[in-house]
Amino acid sequence: MVMIMAFAAMLTSGSQKLPISPVYCQEESPDDKEETEQEISSAFELINQMRESVGLEVFGWSKRLASDAKTRAMEASRLFSHTRPDGSKWYEVDSEHVYGENLACNYFNYNELILAWMRNPAHFANLTSAFRNVGISVYYTDTGECFWAMELGY
């Protein structure tokens, strides 16, 4: 737990020395698909840095879970809940592969996003779980909101 707190302190300090530079979400949907992919990649790398810092194996990237995360991020923009807009459970987006989920709204910096997930006990449990694979997506609304989803599986 001490190493995790040190990692969180590093994220909040002004002197952080992460090998990836911050990428900020635009308040409108980025015109550049590469920019959005970089934000997602940076969030994924930061999560894995945290996991390594506490002796956990890194997550693998899953295209299928990323596709599920894209669906869930879009759905969260309509109903910010672990219940889907059609009333079904969050894991029913892909019940054969999705076993955990983290959602976030209006975090325009991936460092702040990961720190918020680390500070929330349920989200933190997912970040430090025995899950082996993740997919992450971010969705921007026309009104400037930013919705993140991370789906976790084995």
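Above this note sits the structure.
Let us look at the structure shown here. (Residues numbered from 1 in each chain as written. Predicted model: local features only at pLDDT ≥ 70, side-chain atom pairs only at ≥ 80, totals over all residues. Heavy atoms only, no water.)

Quick notes on the nonpolar core
At step 1: Ile 47, Ile 114, Trp 117, Trp 148 and Met 150 are the most contacted members of the largest nonpolar core, which has 24 residues in total.
At step 2: Looking at this core, the elements with two or more residues in it are α2 (33–53), α4 (110–119), α5 (121–127), β3 (133–140) and β4 (146–153).
At step 3: A total of 6 residues in this core trace back to one element, the largest contributor, which is α2. (Core = buried A, V, L, I, M, F, W, Y, C linked by side-chain atoms within 4.5 Å. Buried < 20%, exposed > 50% of the residue type's maximum accessible area, 1.4 Å probe, protein only. Helix = DSSP H or I, 4+ residues; strand = E, 2+ residues; numbered from the N terminus.)

Some thoughts on the sheet that holds β4
At step 1: The 4 strands are arranged β1-β3-β4-β2 in an open sheet whose pairing can be described as mixed. Looking at strand neighbours, the two that pair on one side only are β1 (60–61) and β2 (100–105), the edges of this open sheet.
At step 2: Inspection of the sheet shows β1 paired to β3 by 2 bridges, in the parallel sense. Bridge pairing in β3 links Gly 60 to Asn 133.
At step 3: Across the sheet, helix α3 (residues 63–78) is in contact with β1, β2, β3 and β4; its angle to β3 comes to roughly 35°. (Pairing = 2+ DSSP bridges. Contact = heavy atoms within 4.5 Å. Axes fitted to C-alpha atoms, helices over the stretch in contact; angles between N-to-C directions.)

Topic: the pattern of salt bridges
At step 1: For the structure shown, the criterion picks out 4 salt bridges.
At step 2: One salt bridge in this structure joins Arg 72 and Glu 75, with 2.8 Å as the shortest N-O distance. With a gap of 3 residues between them, Arg 72 and Glu 75 both fall in helix α3, about one helical turn apart. A single burial state applies to Arg 72 and to Glu 75, both of which are buried.
At step 3: Across the pair Glu 101 and Arg 72 runs a salt bridge, and its minimum N-O distance is 2.7 Å. Taken together, the residues span a long stretch of sequence, with Glu 101 in strand β2 and Arg 72 in helix α3 at a distance of 29 residues. Arg 72 carries the same exposure label as Glu 101, and that label is buried.
At step 4: Salt bridges linked by common partners bring Arg 72, Glu 75, Arg 84 and Glu 101 together as one network. (Salt bridge = Lys/Arg side-chain N within 4 Å of Asp/Glu carboxyl O.)

Thoughts on the pairing of β3
At step 1: Here β3 lies mainly inside the structure; 6 of its 8 residues are buried.
At step 2: With 8 bridges joining them, β3 and β4 adopt antiparallel strand pairing. The residue of β4 that forms the bridge with Ser 137 is Ala 149.
At step 3: Where β3 folds back on β4, the antiparallel hairpin that results is connected by 5 residues, among which Gly 144 adopts a positive phi of roughly 90°.

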